[in-house]
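# Analysis of the macromolecular model
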Amino acid sequence: MRTTGMGRRTTGRARAIAAAVALSALVAVCGCTVQGTDADGGHHLPVRIKLPGSSSSSSTGDGKSSASPSTGRAGNVLWSRGDSGGDVRELQARLRQVDWLFDGPTGTYDDLTEQAVAGFQGKRGLPKTGETDSVTWQRLLKMTHEPGKWDLYLMGGQPAGAPDPRCLTGRVLCIDKTSRTLRWMIDGRTVSTMSVRFGAELTPTRDGVFQVYWKARNWVSTLYHSPMPYAMFFSGGQAVHYSYDFSMRGYAGGSHGCVNVRDEAAIASLFAQVRTGDKVVVHQ
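In this text the structure is predicted, and so the values were computed from the model without any measurement.

Applying the stated criterion across every chain yields a total of seven salt bridges. Of the charged contacts in the structure, one is a salt bridge between Asp 164 and Arg 166, with a shortest N-O distance of 2.9 Å. Residue Asp 164 is classed as buried on the basis of its relative accessible area, which comes to 13%. A relative accessible area of 38% means that Arg 166 is categorised as partly exposed. Linking Arg 197 and Asp 245 is a salt bridge whose minimum nitrogen-to-oxygen distance equals 2.9 Å. Of the two residues, Arg 197 is situated in strand β7 (residues 189–197) and Asp 245 in helix α6 (residues 244–249); the sequence distance between them amounts to 48 residues. On the accessibility criterion, Asp 245 (25% relative accessible area) is partly exposed. Bridged by salt links that share partners, the residues Arg 197, Asp 245 and Arg 249 form one connected network.

Applying the stated criterion across every chain, the model contains 10 aromatic pairs. Ring centres of Trp 150 and Tyr 251 lie 5.4 Å apart, and the angle between their planes is 55°; this geometry places the pair in the tilted category. Here the residue Trp 150 occupies a position in helix α5 (residues 149–152), and Tyr 251 occupies one in the loop between α6 and β12 (259–261), the gap between them amounting to 101 residues. Overall, Tyr 251 belongs to the buried group, its relative accessible area being 12%. Considering the side-chain rings of Phe 210 and Phe 234, the 5.4 Å spacing of their centres and the 50° angle between planes classify their relative orientation as tilted. Here Phe 210 is found in strand β8 (residues 208–211), whereas its partner Phe 234 is found in strand β10 (residues 231–235), with 24 residues between them in sequence. On the accessibility criterion, Phe 210 (17% relative accessible area) is buried. Exposure remark for Phe 234: the relative accessible area of 4% places this residue in the buried category. Each member of the aromatic cluster is reached from another via a ring pair, and the members are Tyr 213, Trp 214, Trp 219 and Phe 233. A cation over an aromatic ring shows up here: Arg 180 above the ring of Trp 150, its NZ or CZ 4.0 Å from the ring centre.

A word on the sheet that holds strand β13 (residues 279–283). Strand order across the open sheet formed by nine strands is β8-β13-β5-β6-β7-β12-β11-β10-β9, with mixed pairing between neighbours. For this open sheet the edge positions go to β8 and β9 (214–216), each flanked by a neighbour on one side alone. Geometrically, the sheet is characterised by an average inter-axis angle of 25° between neighbouring strands, direction not taken into account. Note that strand β5 (residues 171–176) and strand β6 (residues 181–186) share six bridges and pair antiparallel. By the bridge assignment, Cys 174 is partnered in β6 with Arg 183.

What follows deals with the side chain of Arg 183. You can see Arg 183 is positioned in strand β6. Buried charge without a partner: Arg 183 forms no salt bridge, and the closest opposite charge is Asp 176, 6.7 Å away. Within polar-contact distance, the side chain of Arg 183 engages the backbone oxygen of Gly 161 at 2.8 Å. With residues up to four places along the chain from it excluded, the contact list for Arg 183 reads Ala 160, Gly 161, Ala 162, Pro 163, Val 172, Leu 173, Cys 174, Thr 190, Ser 192 and Thr 193.

Turning our eyes to something else, we now look at helix α7 (residues 264–273). Within the span of α7, buried status applies to Ile 267, Leu 270 and Phe 271. Along the axis of α7, the buried positions cluster into a sector of 100°, meaning they face one direction only. Projecting away from the buried face of α7 at angles above 90 degrees are the exposed residues Ala 265 and Ala 272.

Right, let's talk about the nonpolar core for a bit. Burial of nonpolar side chains together is a common tendency in soluble globular proteins. Of all hydrophobic cores here, the largest spans 22 residues; its most connected members are Leu 173, Ile 175 and Val 240. At the level of elements, β5, β6, β7, β10, β11 (238–242), β12, α7 and β13 are the ones that each hand at least two residues to this core. Ranked by residue count, the leading element in this core is α7, at three residues. Those residues in contact with Ile 175, other than ones at most four positions away along the chain, are Thr 181, Leu 182, Val 196, Phe 198, Val 240, Val 259, Val 280, Val 281, Val 282 and His 283. Counting 12 residues, the second largest nonpolar core, distinct from the first, contains Val 88, Leu 91, Leu 95 and Val 98.

Here the focus is the environment of Gln 97. Structurally, Gln 97 is set in helix α2 (residues 86–97). Considering only alpha carbons, one finds Gln 97 and Thr 144, 47 residues apart in sequence, at a separation of 6.6 Å. Setting aside residues up to four positions removed in sequence, Gln 97 forms contacts with Thr 144, His 145 and Pro 147. At 3.0 Å, the side chain of Gln 97 forms a polar contact with the backbone oxygen of His 145.

What counts, and where the lines are drawn
- Residues numbered from 1 in each chain as written.
- Predicted model: local features only at pLDDT ≥ 70, side-chain atom pairs only at ≥ 80, totals over all residues.
- Heavy atoms only, no water.
- Salt bridge = Lys/Arg side-chain N within 4 Å of Asp/Glu carboxyl O.
- Buried < 20%, exposed > 50% of the residue type's maximum accessible area, 1.4 Å probe, protein only.
- Helix = DSSP H or I, 4+ residues; strand = E, 2+ residues; numbered from the N terminus.
- Phe/Tyr/Trp six-rings, centres within 6.5 Å; stacked < 30°, edge-to-face > 60°.
- Lys NZ or Arg CZ within 6 Å of the ring centre and 35° of its normal.
- Pairing = 2+ DSSP bridges.
- Axes fitted to C-alpha atoms, helices over the stretch in contact; angles between N-to-C directions.
- Lys, Arg positive; Asp, Glu negative; His and termini not counted.
- Polar contact = N/O pair within 3.5 Å; in protein donor to acceptor, adjacent residues only side chain to side chain.
- Contact = heavy atoms within 4.5 Å.
- Arc of directions from axis to C-beta.
- Core = buried A, V, L, I, M, F, W, Y, C linked by side-chain atoms within 4.5 Å.

Following this line, the structure appears as structure tokens:
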């Protein structure tokens, strides 16, 4: 009887070893994942089998998934809705080049940017996530050229340059042609800054030091019959005023010599503060 019992134990051990070997082979071939014991230390949970050729995404560390471009899936997410900065501005400028974005660049990844990216992705068989991943970005780079400064700031938003020394005393509209900005300054302090547009090649904005000699809240040009809201005249028919065209087209257009502002709220506030006799400095 003892011998028989020993034989049974030996046979049971052999069967257990054989089962373990078979399970190991199954893991090697099929990529199985074997669960450990449950929380109560009981029996092992069922074996989960992952068939050969199946794929799963891996984490990028920020909660966003990545996958190999060869699978046709997205890569690491570079920018998504809510992001902002120079990289987003370049993305928007490049999307404009391929006619997927018509506003901006603004430097902020908004809903329009998200829609443009999704459209670009769908057209090229990429997942339409609306997020700019590394695969989408590389595809866009190959189809576009590096944007220039005024492609990046087509609709304004560029930083102002240093004020001209003539702007550092008194009440001054300090207008910089190089940075395309207007600073409203009082005794050397910048009160507000806004993007501006100047005259076209054949109708340039005059450089120099002037004074605001007349203001008109609602004015229409007697020469070109175009509206000039919040006009502040400083040199003949040239004035600082709000421009509907600048607001819609940005630097793609030009004025007949006036200094155009595209931010209506900003120039409305400026118009309320500027007085007749205040200095205007137009410089480069």
